[in-house]
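So the chains spell out like this:
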Amino acid sequence: MKKLYGIIGDPVHQSLSPQMHNQEFEKLRIHAYYHPFRIAKEDLAVAIKGMKVMGVQGFNVTVPHKLAVMPLLDEIDPLAQKIGAVNTVVRKGEKFVGYNTDGMGFVRALQMDWKEDLAGESALVIGAGGAAQAIYFSLLSVGVKHIDICNRTVEKAEAMIDSSSSDTSSRALTLAEAEEEMGNYSFVIQTTSIGMASTEGKSPVSLDRLNAGAFVSDIIYNPGQTEFLKQAALKGAKTQNGVGMLVHQGVLAFEKWTGITPDVQRMTEVVTAHIGG
């Protein structure tokens, strides 16, 4: 019998994880299958119990369950606990253990596309939602020396910084303050939904003062080139969209489940093919 893995969420039909993981199971000759499970909020507790009884070996978690699943698990990894969300669950014996690979997936993509050692860099994170929190705490974990956070609601950025208990220098900024200081950052990360769907063609902040040598990332992957990234490229910055983060969070989950590193290029090709290249 094949080992069973999957993803839980509502909705879940849009996830590219089944394509990524099932291809790698096949290519690496791993006797396993990855299945999407649409689970409503009110059914989450029963579903987690059922997955344990079914012998599910691991699963990803997407909206709206990343926070709600935490008290239903047996253990939570310390980084996931700090982030306050779980997106990957690993079966260890009779226990379900929760991890967060979103933030470290972003870090891996950043290291591959820019530089391995991030410790001496100065970063700006735009936004203060769940993705921003995962990225912020993951950057702290690899020693980034200075990370500012800007958000329309500054109090949310302040709360994130206050919860970190870190020696890293961080400030909560308004969007206007971030625009004024844009030239001080070696890399900038856009984590909001601005640039998608109804906001396509818009940017959360002006990049007029951006340092031409900066590295600029937008975690949106569809469209692949947001207005934010277009502005950054015009200023001479090197840019990165969200495909790398999406792929590498999946790579980390695959490694945790199987102990095997999948083919990153192959997984990237699956994602780009499904989102139109």
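Quick caveat, the model's predicted, so the values are computed rather than measured.

S.K.: So what exactly am I meant to see when it comes to the overall build of the protein chain here?
M.R.: Within the protein chain, the secondary structure is distributed over ten helices and twelve strands. Relative to its length of 277 residues, the protein chain is compact, with a C-alpha radius of gyration of 19 Å against a globular reference of 19 Å. Over its C-alpha atoms, taken along the principal directions, the protein chain stretches across nearly 60 × 40 × 35 Å. Every one of the 277 residues in the protein chain was classed for burial, and the buried ones make up 49%. Of all intrachain contacts in the protein chain linking residues separated by at least 6 positions in sequence, the fraction that spans at least 24 positions is 67%. Averaging the coordinates of the 26 positive side-chain charges in the protein chain and doing the same for the 30 negative ones gives two points 6 Å apart.

S.K.: Would you mind going over helix H4 (residues 102-113) with me for this structure?
M.R.: Residue pairs spaced three or four apart in an α-helix point in one direction, given the helix's 3.6 residues per turn. Here H4 spans 17 Å end to end across twelve residues, near enough to the 16 Å set by a 1.5 Å rise per residue. The set of residues buried in H4 consists of Asp102, Gly103, Gly105, Phe106, Val107, Ala109, Leu110 and Gln111. Check the buried side of H4 and you find it contacts helix H5 (130-141), strand E10 (187-190), strand E11 (215-218), strand E12 (238-240) and helix H9 (243-258).

S.K.: Help me out: how do you make sense of the sheet that holds strand E8 (residues 146-150) in this one?
M.R.: Strand pairs in the sheet, formed through backbone hydrogen bonds, run parallel or antiparallel to each other. An order of E9-E8-E7-E10-E11-E12 is seen for the six strands of this open sheet, with the pairing classed as parallel. On the outer flanks of this sheet lie strand E9 (172-173) and E12, each paired with one strand and no other. Of the pairings in the sheet, the one linking E8 to E9 comprises two bridges and is parallel in character. Each residue of the ladder has a partner; that of isoleucine 149, found in E9, is alanine 172. Sheet strands in contact with H4 are E10, E11 and E12, and its direction is about 145° off that of E12.

S.K.: Quick question: what am I supposed to make of the environment of leucine 210 here?
M.R.: Position of leucine 210 relative to the elements: it lies in the loop between E10 and E11. Relative accessible area serves as the criterion here: at 6%, leucine 210 is assigned to the buried category. Spatially, the C-alpha atom of leucine 210 lies 41 Å from that of valine 90, the residues being 120 residues apart in sequence. What leucine 210 contacts, discounting residues up to four positions off in sequence, is Met182, Val188, Val216, Ala232, Lys235 and Ala237.

S.K.: Before we go on, may I ask you to explain the sheet that holds strand E5 (residues 88-92) in this structure?
M.R.: Strand order in the open sheet formed by six strands is E2-E1-E3-E5-E6-E4, and the pairing between neighbours is mixed. Sheet topology places strand E2 (32-38) and strand E4 (75-76) at the edges, where each strand pairs with a single neighbour. By the bridge criterion, four bridges tie strand E1 (residues 3-9) to strand E3 (residues 58-61) in an arrangement that is parallel. The partner of tyrosine 5 across the bridge, within E3, is glycine 58.

S.K.: Just to check I follow, could you spell out the pairing of E2 for this structure?
M.R.: Along any regular strand, the residues point their side chains to alternate faces of the sheet. As judged from the seven bridges shared by E1 and E2, these two strands associate in the parallel manner. Looking at E2, one finds that glycine 6 is bridged to histidine 35. Read from E1 through helix H1 (residues 17-27) to E2, the crossover connection turns out right-handed.

S.K.: Would you mind showing me how to read the side chain of asparagine 22 here?
M.R.: Along the chain, asparagine 22 falls in helix H1. A polar contact is formed between the side chain of asparagine 22 and the backbone nitrogen of tyrosine 34, at a distance of 2.8 Å. Discounting chain neighbours no more than four positions away, the residues touching asparagine 22 are Tyr33 and Tyr34.

S.K.: I keep staring at the pattern of salt bridges and nothing clicks. Help me out?
M.R.: Where charged atoms from two side chains of opposite charge come close, those side chains can pair. On inspection of all chains with the given rule, the structure shows twelve salt bridges. Across the salt bridge formed by lysine 52 and aspartate 74, the nearest N and O atoms sit 2.7 Å from each other. Of the two residues, lysine 52 is situated in helix H2 (residues 44-54) and aspartate 74 in the loop between E3 and E4; the sequence distance between them amounts to 22 residues. Note that arginine 171 and glutamate 181 form a salt bridge whose closest N and O atoms lie 2.7 Å from each other. One end of the pair, arginine 171, is in the loop between helix H6 (154-162) and E9; the other, glutamate 181, is in helix H7 (residues 175-181), and ten residues separate them in sequence. The partly exposed category is assigned to glutamate 181, whose relative accessible area is 23%. Overlapping salt bridges bring together Glu24, Asp263 and Arg266 as one network.

S.K.: Sorry, what's going on with the packing of aromatic side chains here?
M.R.: The description of an aromatic ring pair uses the distance of the two centres, along with the angle that the planes make with each other. Overall, the coordinates contain eight aromatic pairs when judged by the stated rule. Their ring planes at 35° and their centres at 5.2 Å tell us that tyrosine 5 and tryptophan 257 sit as a pair that is tilted. Of this pair, tyrosine 5 sits in strand E1 while tryptophan 257 sits in helix H9, and the two are 252 residues apart along the sequence. Here tryptophan 257 falls in the buried class, since its relative accessible area comes to 10%. A centroid spacing of 5.4 Å and a plane angle of 75° characterise the contact between tyrosine 136 and phenylalanine 137, whose relative ring orientation is edge-to-face. Exposure remark for tyrosine 136: the relative accessible area of 1% places this residue in the buried category. Positioned over the ring face of tryptophan 114 is lysine 115, at 4.9 Å from the centre of the ring. Stacked on the ring of tyrosine 99, the Lys or Arg lysine 256 has its end atom at 4.3 Å from the ring centre.

Cut-offs and rules
Each chain has its residues counted from 1, running along the sequence as written. For this predicted model, a pLDDT threshold of at least 70 governs which residues receive local features, and a threshold of 80 or more governs which side-chain atom pairs are given and counted, while totals over whole chains, interfaces and linings are taken from all residues. The basis for every side-chain value is the complete set of non-hydrogen atoms in the structure, without hydrogens or water. Comment: elements are numbered from the N terminus, with helices defined as DSSP H or I runs of at least four residues and strands as E runs of at least two. Radius of gyration here uses only the C-alpha atoms, and the compact-globule reference equals 2.2 Å multiplied by the residue count raised to the power 0.38. Accessibility here uses a 1.4 Å probe with only protein chains present; expressed as a share of the type maximum, an area under 20% marks a residue as buried, one over 50% as exposed, and anything in between as partly exposed. Contact criterion: two residues are considered in contact whenever any of their non-hydrogen atoms come within 4.5 Å of each other. Asp and Glu are treated as the negative residues and Lys and Arg as the positive ones, with His and the ends of the chain left uncounted. A single reference atom marks each charge: NZ on Lys, CZ on Arg, CG on Asp, CD on Glu. Expected helix span is given by 1.5 Å per residue-to-residue step, counting one fewer step than there are residues. DSSP bridges decide pairing: two strands pair if at least two such bridges lie between them. Interaxial angle, 0 to 180 degrees, is taken between N-to-C directions of lines fitted to C-alpha atoms, where a helix line uses only the stretch in contact. For the handedness criterion, the strands are oriented away from the viewer, and a crossover whose path from the first strand over the helix to the second runs clockwise is classed as right-handed. Between N or O atoms, a polar contact is any pair within 3.5 Å; within protein, one atom must be a potential hydrogen donor and the other a potential acceptor, and residues adjacent in sequence are included only when both atoms are from side chains. Any carboxyl oxygen of Asp or Glu within 4 Å of a side-chain nitrogen of Lys or Arg constitutes a salt bridge here. In this analysis, rings of Phe, Tyr and Trp, with Trp reduced to its six-membered ring, are considered paired at centre separations within 6.5 Å, and the interplanar angle assigns stacked below 30 degrees, edge-to-face beyond 60, and tilted for intermediate values. Distance and angle both matter: a charge sits over a ring if NZ of Lys or CZ of Arg is within 6 Å of the ring centre and within 35 degrees of the ring normal.

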